[in-house]
Amino acid sequence: VIDDPAAYYPPGPINLKETLIIEAAPGGTTLHVPESGAEMGGLYITGDLTVDLNNAMLTTDHLRADPWPGGPPSTIQFEGPGTLNPYGVVGWLGTRIIYRNLDLLEGESGSFSNGDASYVLDHCRVSRENDFSELVWRAIAIAGESTFDAETLFAGAIGPADDKPFVLTLNRATFFNQPAFEQSPEFGFLALSLRVFDGSTTDQVTVHDALSLGGTLNVAFADTFQPPPGQPFSIPLITANSFTRQFALVNLPTLSAGRFARIVYGSTIRGSESGTPQPVATLVVEDLGQYLGFDDTEHFSAGGTPSAAAVADLDNDGDPDLALAIPGALESDPGSVILLFNAGNDLSGHWLGFTASTQFPSGGENPVALRIAELDGAPGLDLAVVNRHSDSVATFRNDGAGAFIAAFTFAAGADPRDVALGDFDSDGRADIAVATGDPAGEGFIGIFINQGGIGATWAGPAPIGPVIPTGSNDPTSINPIDIDDDKDLDLVAVVPQGFLYTFPNAGGTLRAWPGFLSPTVIPTGGQPTSINPIDIDDDKDLDLAAINPPLGAIQVFFNSGSGSYSSPASIPVGNSPRSLAFADLDRDGDPDLAAIAADEPGGPASLRVIRNDLAGGQSAFTRLPSEQPGAEPLLVLAADVDADNDDDLITITAPSMLREGRGEPAHPLITVAPSRPTCRGDTSADGTIGLADIAVIIQHWNDKVPPGTLGDADFSGAVGLPDIAAVIQAWGTSCF
């Protein structure tokens, strides 16, 4: 027990076969290693401790660090110069272990792969005994210049330890995640974070050997730096002798309108003849000949504040309509459903907005979710509404023209949260799945099979088999999805305890359908609140995207193509995100994201648009400047409301407390932001189509380029005569 908070100097050499247990004084203390060094069977540390190596070597079997019981996480610092030679290192309960200005000579177990500690490397050299590979699957922060001399496999988070540029050098083969790691909840999804400080200074990663890429790359501009507009900008971030694969996902910094960053990978897969590392991943900023934006918004009023919304063609006129679930003023009051019908366009092509509406009871108290699908076999999409305080689901039949008739209301189980509609038993009719949770904290998913019939003869849903348990985790969001491409609908769910469940369909039809198989459970961290299927990376397999408010992120789970999902990769969107929609807003064929989130904790929310760029097969996301559609938005949806083949955004905003000049509650606004069509022909990105665009086309004549960039006015991916024709056709157009 070291009682002196200042320092402890052992009286002589330390040479123990047993474990040295140190209980550091409150507030921390320092252990000075004798100049002759120290060797021990183990070193167990409780509390905060600094170990001064004093130009000596400290050799130990296992090194373990713990905080005081009930206390904050410990910080253990090993200060050089000197050498630390542990067989293995493990830290628990958030311990932070700092290696500074020393040589770290590791044994078989390693120093970055045990417990749940985070690590800092500050001017260190890491090597391994007996040529073992280094496995780094905990968070590691880099300060100054640090080097790994062993073959290294990274599967955790790598980023800066302070506000100064760092240099990470790897002298042996290096792996940034591997497919087995990305698919393993044990290891997680690598996240490498790098910063650009100016036109020549970045955080640097250099590999003097082969590099295999994977995981997530996060790129940010440090301080207030922005690349100068109108000038070419590129800077290498990662160099290696050779490389394979790409990052699975890249998050890129926000730039001014019409300018976007992307990651360009080196073209040399084989090692360079000189042995000098060549650029592998380079940040490039381009003025794209397109601008993702929105026309002036249209506003429509609706009574009550909705808890859920869905968009679909409800009256069979070819235009998307809007359905809202509206809780009563009090939780015990009956709820309602409001339908807003799309009036289409006038003869001049101007959108007329939502001009007709209808409202009817939700069939219970406190409606919290609704879904739209064909249930009764007759023309017209039908509705299913979850009434949470009634522990029920109500279904409504569509007469084919948008008038809804109450059909069946059935007991769904205790405290229902969400509903999913899909043909689970492969009989051609949509069935119903309901997420519930009982007062004891147990979660369940109930399956209700469609009994068939048409229109007025529809027999409704009926429960089949026992409910599906989710343990002590109560699901808040469920969705049908074909996980494994076997043409049977599977089921996914998220629970606020921090897990994603995937339930494979066992196959079969109504009379022989055995239900769902045991789930695969993937840790998410935080508290996910919704789950959405979407093909993020355009590989024809449906991935999953979850909102995770405590993490301030949209989490993406990549589909392996064989029915399994990766650990989550995160797309930062802001504080407490609460709604998510997908749409190709820039018309490049990739699904972009729209979310509701705040700039500051507890601050007002706004609409966030995150552009997805799949050029070169790389999922790269860039957050655009926030859009504020009037009052604070609650929900966001996407649909082509004005039939111009561009996806538009619908936001539902919170009502103010009182309508101006009157003493009655205000109505929320339905705000529609039509997408501004891509400005084809503006290859110079100067906002006007003319001679400057012809010059860009000539400069890149016959080049193969990402669609819509570098002279590609017709979005074909090649520069030539069709692009000249596209510019001439739009000559003189102002884009902004």
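Residues numbered from 1 in each chain as written. Predicted model: local features only at pLDDT ≥ 70, side-chain atom pairs only at ≥ 80, totals over all residues. Heavy atoms only, no water.

Student: Please clarify how the overall build of the chain should be interpreted in this entry.
Tutor: Helix and strand content of the chain: three helices and 55 strands. Here the chain, with 736 residues, has 54% of them falling under the buried criterion. Taking the intrachain contacts of the chain between residues at least 6 apart in sequence as the baseline, contacts between residues at least 24 apart amount to 50%. Accessible area of the chain: about 29,300 Å², with a carbon and sulfur share of 53%. (Helix = DSSP H or I, 4+ residues; strand = E, 2+ residues; numbered from the N terminus. Buried < 20%, exposed > 50% of the residue type's maximum accessible area, 1.4 Å probe, protein only. Contact = heavy atoms within 4.5 Å. Areas by Shrake-Rupley, 256 points an atom, 1.4 Å probe, with all protein chains shown as cover.)

Student: Got a minute to help me understand the packing of aromatic side chains in this structure?
Tutor: To describe a pair of aromatic rings, you give the distance between the ring centres and the angle between the ring planes. Summed over all chains, the structure comprises 19 aromatic pairs. Aromatic side chains F243 and Y265 sit 6.4 Å apart centroid to centroid with 25 degrees between the ring planes, which places their arrangement in the stacked category. You can see F243 sitting in strand β23 (residues 233-244) and its partner Y265 sitting in strand β25 (residues 259-265), a full 22 residues away along the chain. With 5.4 Å between their ring centres and 85 degrees between their planes, F408 and W458 make a pair best called edge-to-face. Within this pair, whereas F408 is found in strand β35 (residues 404-411), its partner W458 is found in the loop between β38 (443-450) and β39 (461-463), the two being separated by 50 residues in sequence. Residue classification places F408 among the partly exposed positions, given a relative accessible area of 32%. A relative accessible area of 6% places W458 in the buried class. (Phe/Tyr/Trp six-rings, centres within 6.5 Å; stacked < 30°, edge-to-face > 60°.)

Student: Just to check I follow, could you spell out the layout of surface pockets for this structure?
Tutor: To locate leftover empty space, one rolls a probe as large as a water molecule over the atoms. Size it by volume and the largest pocket reaches roughly 1,300 Å³. Taken together, 37 residues line the largest pocket, and the ones lying closest to its centre are A309, R371, S530, N532 and L580. Elements with a contribution of two residues or more to the lining of the largest pocket: β28 (308-312), β32 (367-373), β41 (477-481), β45 (530-534), β49 (575-583) and β53 (633-639). Here the lining of the largest pocket is built from residues that sort into 24 nonpolar, eight polar and five charged. (1 Å grid on protein atoms, 1.4 Å probe; cavity = no way out; pocket = protein on both sides within 12 Å on 5 of 7 lines; lining within 4 Å. Points joined across faces, edges and corners; volume = space filled by probe spheres on them. Nonpolar A, V, L, I, M, F, W, Y, C, P; charged D, E, K, R; others polar.)

Student: Please explain the nonpolar core as it appears in this structure.
Tutor: Nonpolar side chains in soluble globular proteins tend to be buried together. Membership of the largest hydrophobic core comes to 70 residues, with the highest contact counts inside it found for Y99 and L283. A total of six residues in this core trace back to one element, the largest contributor, which is β23. For L283, the residues in contact, after removing those within four places along its chain, are V196, V219, F221, F233, S234, I235, L237, L252, A261, R262 and I263. (Core = buried A, V, L, I, M, F, W, Y, C linked by side-chain atoms within 4.5 Å.)

Student: In this structure, what is going on with the pattern of salt bridges? I would like to understand it.
Tutor: A side chain with one charge may pair with a side chain of the opposite charge, provided their charged atoms come close. If you walk through the whole model with that rule in mind, you get 19 salt bridges. Residues E134 and R128 are paired through a salt bridge, measuring 3.6 Å at the closest nitrogen-oxygen approach. Note on accessibility: E134 and R128 belong to one class, buried. The salt bridge involving E632 is made with R578; its shortest N-O contact spans 3.2 Å. Of this pair, E632 sits in the loop between β52 (619-623) and β53 while R578 sits in strand β49, and the two are 54 residues apart along the sequence. The exposure class of R578 is partly exposed, given its relative accessible area of 37%. Overlapping salt bridges, with partners in common, bring together R388, D415, R417 and D474 in one network. (Salt bridge = Lys/Arg side-chain N within 4 Å of Asp/Glu carboxyl O.)

Student: Mind showing me how you'd approach the pairing of strand β7 (residues 75-79) here?
Tutor: Every other side chain in a regular strand lies on the same face of the sheet, so the side chains alternate between the two faces. Examined bridge by bridge, strand β5 (residues 49-52) and β7 share four bridges and lie parallel to one another. From the neighbouring strand, D52 faces β7, where its bridge partner is E79. Relative to strand β9 (residues 96-100), β7 runs parallel, the two sharing five bridges. Directly across from T75, in β9, lies its bridge partner R96. (Pairing = 2+ DSSP bridges.)

Student: When you look at the sheet that holds strand β47 (residues 553-557) in this model, what are you seeing that I'm missing?
Tutor: Backbone-to-backbone hydrogen bonds pair the strands of a sheet. The strands run either parallel or antiparallel. Spatial strand order, β45-β46-β47-β48: four strands in an open sheet with antiparallel pairing. Lying at the two open borders of the sheet, with one neighbouring strand each, are β45 and β48 (569-572). Each neighbouring strand pair of the sheet contributes to a mean axis angle of 25 degrees, computed without reference to strand direction. Summarising the sheet, strand β46 (residues 543-548) and β47 pair through five bridges and their orientation is antiparallel. Paired with L544 across the bridge in β47 is F557. (Axes fitted to C-alpha atoms, helices over the stretch in contact; angles between N-to-C directions.)

Student: What should I look at first to understand the sheet that holds strand β44 (residues 520-523) in this one?
Tutor: Taken together, four strands build an open sheet; the order of strands is β41-β42-β43-β44 and the sheet is antiparallel. Taken across any chain shown, the strands that pair with only one partner, and hence form the sheet edges, are β41 and β44. Here the average twist between neighbouring strands, direction ignored, is 20 degrees. Both β41 and strand β42 (residues 490-495) contribute to a ladder of five bridges, which runs antiparallel. Residue pairing for β42: P480 is matched across the bridge by L491.

Student: Honestly, the confidence of the model for the chain in this entry has me stumped. Any pointers?
Tutor: Regions with low pLDDT should not have their predicted coordinates read in detail. Taken residue by residue, the chain gives an average pLDDT of 85. The fraction at 70 or more is 86%. Here residues 268-273 is modelled with pLDDT under 50, and outside its nearest four sequence neighbours on either side it reaches nine contacts, counting other chains as well. Segment residues 656-668: pLDDT under 50, and 25 contacts once partners within four positions in sequence are set aside and those in other chains are kept. (pLDDT = per-residue confidence, 0-100.)

Student: Where do I start with helix α3 (residues 721-729) in this structure?
Tutor: Every α-helical turn comprises 3.6 residues, leaving residues that sit three or four positions apart pointing alike. Taken residue by residue, α3 has D723, I724, A726 and V727 as its buried positions. The buried residues of α3 all sit within an arc of 160 degrees when viewed along its axis, so they share a single face. Away from its buried face, by an angle of more than 90 degrees, α3 presents the exposed residues L721, I728 and Q729. (Arc of directions from axis to C-beta.)

Student: So what exactly am I meant to see when it comes to a nonpolar patch on the surface here?
Tutor: The grouping of L691, I728 and W731 at the surface amounts to a nonpolar patch, some 370 Å² of accessible area in total. Since its relative accessible area comes to 45%, W731 is described here as partly exposed. (Patch = residues over 30% accessible without salt bridge, like charges linked within 9 Å, V, L, I, M, F, W, Y side chains within 5 Å.)

Student: What's the story with unusual backbone geometry in this structure? I'm lost.
Tutor: For residues other than glycine, phi is negative in most cases, and the peptide bonds are mostly trans. Each neighbour pair has its own omega, and for G80 with P81 the value is 5 degrees, a cis peptide bond. Its identity is not glycine, yet D391 carries a phi of approximately 55 degrees, on the positive side. One non-glycine residue with positive phi stands out, namely N702, at about 70 degrees. Residue placement: N702 occurs in the loop between α2 (691-699) and α3. For N702, a relative accessible area of 59% puts it in the exposed group.

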